[in-house]
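Structural features, examined
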Amino acid sequence: MITPVEHAPKLRARRLRLHTQHEPVVVMRTDCHVCRAEGLSARSQVLLTAGDRQVQATLFQIDSDLIGLDEAALSEAAWSLLGVVEGDLIEVSHPPTLDSLSSVRRRIYGNRLGEAAMAGIVRDVVAGRYTDVHLAAFLTASAAVPLDADETAYLTKAMIEAGDRLTWDAPVVVDKHSVGGLPGNRTTPIVVAIVAAHGLTMPKTSSRAITSPAGTADTMETLTNVDLDLATMRRVVEAEGACLAWGGAVRLSPADDIFIRIERALDIDTEGQLIASVLSKKIATGSTHVVIDIPVGPTAKVRSEDAAVALAARLTETATRFGLTLVCRQSNGDQPVGRGIGPALEAWDVLAVLQTADDAPEDLRRRACALAGAALELGGAVPKGDGEAAAAATLEDGRAWTKFQRICEAQGGLKTPPRAPLQQVLTAPRAGRIVHINNRKIARLAKLSGAPDSKAAGLTMEVRLGHEVAAGQPLVTVHAQTGGELDYALDYAARNLDMIETEA
């Protein structure tokens with residue numbers, strides 16, 4: 001009787017405690033028998049198998065005795081995904097050929113992709129079979145030759161079907177989204193509180209920042225727990241009518257957070273990907289009615305009214321294919337919203353509006369009421385034309401603040417946002433009237449200060465367009481967690497004095 005040969009050589013798992021963000025990495029010796037037998041070299045892609053779990057990882061090699069010949073040292077990402085303990089046996093083999101990569105190559109050369117091709121790409125992405133290089137190639141190809149209407153719909157559908165999908169015992173499920181590109185535009189927590197206070201269902205999932213200093217999930221994380229699993233999310237919504245959760249924690253459109261991570265590194269956010277990202281999350285969450293905010297301004301993500309109209313048309317057309325009722329609203333994107341820019345600083349603005357504080361930023365309050373009003377009208381909670389007034393009244397009488405507290409308590413408790421230990425005021429070099437604020441440079445300054453990773457980092461805007469300032473008057477306060485981050489931010493500010501322009 002011949003004993004069957006095992007499918008692939010096995011090595012003992014060792015935890016290297018190497019942090020590679022999201023990329024699975026395995027380290028093996030150059031003289032390891034597995035590397036020699038399989039013909040593996042540094043930067044090879046390998047398939048790691050432990051029981052019924054598989055992970056595709058990047059191989060790095062060493063030629064010292066830091067690890068044993070029979071060991072495979074794993075990064076934290078690979079260790080977590082495989083779910084192994086020290087000494088567990090893992091198989092190491094060549095990964096299977098990915099047919100979907102041929103679709104990516106076709107897209108690089110400008111060919112359109114069909115529904116099956118797009119579904120194959122997304123399935124392999126979610127299964128962890130794409131490296132960061134593969135992901136970057138797909139996203140860049142989708143930017144160089146933008147996705148058309150059919151491809152956008154195919155990508156949206158594939159992203160929905162690759163994850164979980166929620167249903168709710170409510171005829172109307174409301175949601176909202178802002179296209180972004182406007183620092184400090186943190187209306188979502190306020191809108192959710194107002195809409196839920198009127199009895200509508202609003203299970204809100206949000207992304208972390210892509211290219212901005214803060215996303216709604218980043219801001220809400222300074223106020224409460226946002227890493228809700230599906231059971232917790234359902235419990236919170238059933239109790240309070242709404243939640244404010246991070247979408248990546250509940251596996252709704254799981255490809256989206258993978259794409260967002262690469263888009264953030266590339267600093268791109270293309271229209272087709274944007275539409276698929278937004279609508280796949282809304283549909284997967286079970287939304288039936290959605291309000292989209294499109295800020296328009298010279299340094300916002302959408303630069304012109306014509307571009308906003310075109311984007312709204314594409315969003316509406318794609319939403320219609322999925323039976324989603326959607327309305328788009330243009331808003332002014334000439335300058336940042338509120339005072340704070342950065343997760344915790346924006347959270348303080350949100351609290352000020354909800355608590356109707358005397359110093360609450362009026363522009364943030366107005367925007368939130370306009371969007372909440374549109375959602376109330378779209379959801380049938382108030383008559384057409386009465387939405388904004390109803391939203392404002394919900395803030396003034398305290399119902400929105402009460403509902404927000406209840407949502408946060410249901411999610412694990414309301415927290416106090418942190419404050420950064422270091423601040424530096426940037427002042428006006430000369431007297432004049434503020435005539436231009438560059439949103440992109442302001443966002444860049446906030447990111448250099450440490451946002452969004454350092455939750456308390458960011459900026460406080462001390463001026464608005466049209467303000468008259470004297471020489472030496474504060475324009476911006478930079479908040480940082482460390483001296484190094486503060487120095488980086490101040491160096492950038494010194495080289496970009498046109499960030500805030502004055503005119504005599």
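These numbers come from a predicted model, not from an experiment. (Residues numbered from 1 in each chain as written. Predicted model: local features only at pLDDT ≥ 70, side-chain atom pairs only at ≥ 80, totals over all residues. Heavy atoms only, no water.)

**Some words on the packing of helix α7 (residues 188–197) against helix α14 (residues 362–378)**
The cut-off we apply is this: Fitted lines through C-alpha atoms give the axes, limited to the stretch in contact for helices. The angle between two N-to-C directions lies from 0 to 180 degrees. Here a strand is any run of E in DSSP of at least two residues, a helix any run of H or I of at least four, and the numbering for each starts at the N terminus. Roughly parallel means an angle under 35 degrees; roughly antiparallel means over 145; roughly perpendicular covers 65 to 115; every other angle is labelled oblique. The handedness criterion is simple: a crossing whose near helix is rotated anticlockwise from the far helix by less than a right angle is left-handed, and one whose near helix is rotated clockwise is right-handed. The criterion used for residue contact is that any of the two residues' heavy atoms lie within 4.5 Å. All amino acids are sorted into three groups, where Ala, Val, Leu, Ile, Met, Phe, Trp, Tyr, Cys and Pro are nonpolar, Asp, Glu, Lys and Arg are charged, and the leftover types, Gly among them, are polar.
Running from amino to carboxyl end, α7 crosses α14 at an angle of 45°, the nearest separation of the two axes being 9 Å. What the angle tells us is that α7 and α14 run oblique. Relative to α14, α7 is oriented so that their crossing is right-handed. Here Ile190, Val191, Ile194 and Val195 of α7 lie close against α14, whose contacting residues are Leu364, Ala368, Leu371, Ala372, Ala375 and Leu376. Split into classes, the residues belonging to the contact of α7 with α14 amount to 10 nonpolar, no polar and no charged.

**Observations concerning the nonpolar core**
The condition that has to hold: To form a nonpolar core, buried Ala, Val, Leu, Ile, Met, Phe, Trp, Tyr and Cys residues must be joined to one another through side-chain atoms within 4.5 Å. Only protein chains enter the calculation, and the probe is 1.4 Å; a residue is then buried if its accessible area is under 20% of its type maximum, exposed if over 50%, and partly exposed in between.
Within the largest apolar cluster, 46 residues are counted, with the highest numbers of intra-cluster contacts made by Ile190, Ile194, Leu354, Leu376, Leu395 and Phe404. In terms of residues, this core owes the most to one element, α14, which gives nine residues. Aside from chain neighbours lying at most four places away, what touches Leu395 is Ile190, Ile194, Val353, Leu354, Thr356, Arg365, Cys369 and Ala400. If you look at the next biggest cluster of nonpolar residues, it comprises 24 residues, including Met118, Val125, Phe138 and Phe259.

**Considerations on the packing of α7 against helix α15 (residues 387–396)**
Taken N-terminus to C-terminus, the directions of α7 and α15 make an angle of 95°; their axes are 10 Å apart at the nearest point. Judged by the angle between their axes, α7 and α15 are roughly perpendicular. For the pair α7 and α15, the contacting residues are Ile190, Ile194 and Ala197 in the first and Ala391, Thr394 and Leu395 in the second. Classifying every residue of the contact of α7 with α15 by side-chain character gives five nonpolar, one polar and no charged.

**Structural notes on the layout of surface pockets**
Rule in force here: Site definitions follow a grid-based scheme: protein atoms alone, a 1 Å grid, a 1.4 Å probe that fits but cannot get out for cavities, and for pockets an open set with protein on both sides within 12 Å along at least five of seven lines, plus lining residues having an atom within 4 Å of a point. Grid points are joined across faces, edges and corners, and a volume is the space filled by probe spheres set on the points.
Within this model, the largest pocket holds a volume of roughly 1,300 Å³. His22, Glu23, Asp257, Ile258 and Arg261 are, among the 41 residues lining the largest pocket, the residues nearest its centre. For the lining of the largest pocket, the secondary-structure elements that each account for two or more residues are β4 (53–62), α2 (76–82), α4 (115–126), α5 (132–144) and α10 (254–266). In terms of residue class, the lining of the largest pocket is built from 19 nonpolar, 11 polar and 11 charged. Of the voids in this model, the second largest pocket is the one considered here, and its volume is about 1,000 Å³.

**What to know about the confidence of the model for the protein chain**
Note the threshold: Per-residue confidence from the predictor is given as pLDDT, running between 0 and 100.
Here the protein chain shows a mean pLDDT of 94. Residues at 70 or above account for 98%. This model gives residues 1–5 a pLDDT under 50, and the stretch forms zero contacts once residues within four places in sequence are excluded.

**Re the pairing of strand β7 (residues 174–178)**
Applicable threshold: Here a strand pair is declared whenever DSSP counts at least two bridges between the two strands.
Counted residue by residue, β7 has four buried out of five residues, so it is predominantly covered. Here five bridges tie β7 to strand β10 (residues 289–296), and the two strands are oriented parallel to one another. In the sheet register, Val174 faces β10, and the bridge partner there is His289.

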